[in-house]
Amino acid sequence: MTNTTKLQYRGVAYDAAQHEHPSQQPVEHVYRGQHFDAPLGHDPAAVNTEVELQYRGATYHHRAQVAADQVNAG
């Protein structure tokens, strides 16, 4: 019986709760030449559906509701 709560990477199941997570303590660090004094771990930013996304010349729009409908329909 397979545990469906575990994630898989290339067919190998793993439990993400067992992995080390970035600290919430502020740390001075450099990313792409910019200095930061902030936690390495942070909550993701809220989705702004008004923003137009562009990737390799193609324009995308947030379709969270469409994706949720497709998942719930199946």
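Residues numbered from 1 in each chain as written. Predicted model: local features only at pLDDT ≥ 70, side-chain atom pairs only at ≥ 80, totals over all residues. Heavy atoms only, no water.

*Asks:* What's the story with the overall build of the protein chain in this structure? I'm lost.
*Replies:* Tallying secondary structure elements over the protein chain gives one helix and six strands in all. Ordered by position from the N terminus, the helices and strands of the protein chain form the series β-β-β-β-β-β-α. Looking at the 74 residues of the protein chain, the share that counts as buried comes to 1%. Sequence separation of at least 24 residues holds for 0% of the intrachain contacts in the protein chain that already meet a minimum separation of 6. Summed over its atoms, the accessible surface of the protein chain is roughly 7,500 Å², and 52% of this surface lies on carbon and sulfur atoms. (Helix = DSSP H or I, 4+ residues; strand = E, 2+ residues; numbered from the N terminus. Buried < 20%, exposed > 50% of the residue type's maximum accessible area, 1.4 Å probe, protein only. Contact = heavy atoms within 4.5 Å. Areas by Shrake-Rupley, 256 points an atom, 1.4 Å probe, with all protein chains shown as cover.)

*Asks:* What is the right way to read the confidence of the model for the protein chain from this model?
*Replies:* Low pLDDT marks regions whose predicted coordinates should not be analysed in detail. Put simply, the protein chain has an average pLDDT of 78, and 89% of its residues get 70 or more. Confidence, read as mean pLDDT per element, is least for helix H1 (residues 64-73) in the protein chain (77) and greatest for strand E4 (residues 34-39) (86). (pLDDT = per-residue confidence, 0-100.)

*Asks:* I would appreciate a short explanation of the pairing of E4 in the present structure.
*Replies:* Successive residues of a regular strand alternate their side chains across the two faces of the sheet. In terms of burial, E4 is a largely surface element, zero of the six residues being buried. Bridge analysis of strand E3 (residues 26-31) against E4 gives six bridges, and the strand direction is antiparallel. Bridging from a neighbouring strand, glutamate 28 pairs with aspartate 37 of E4. The turn linking E3 back onto E4 is made up of two residues, and arginine 32 within it adopts a positive phi angle of 50°. (Pairing = 2+ DSSP bridges.)

*Asks:* I'm lost on a nonpolar patch on the surface in this one. Help?
*Replies:* A grouping of Val51, Leu53, Tyr55 and Tyr60 is seen on the molecular surface, where their side chains present a nonpolar patch of about 370 Å² in accessible area. Here tyrosine 55 shows up in strand E5 (residues 53-55). Judged by its relative accessible area of 49%, tyrosine 55 falls in the partly exposed class. (Patch = residues over 30% accessible without salt bridge, like charges linked within 9 Å, V, L, I, M, F, W, Y side chains within 5 Å. Salt bridge = Lys/Arg side-chain N within 4 Å of Asp/Glu carboxyl O.)

*Asks:* Looking at this model, I keep getting lost on unusual backbone geometry. Mind explaining?
*Replies:* Outside of glycine, negative phi angles account for most residues, and trans bonds account for most peptide bonds. Look at arginine 32: it is not a glycine, yet its phi comes out positive at around 50°. Inspection of the secondary structure assignment puts arginine 32 in the loop between E3 and E4. Taking the relative accessible area as the measure of exposure, arginine 32 reaches 76% and is therefore exposed. At arginine 56, a residue that is not glycine, the phi angle is positive and equals roughly 50°. By the secondary structure assignment, arginine 56 is in the loop between E5 and strand E6 (58-60).

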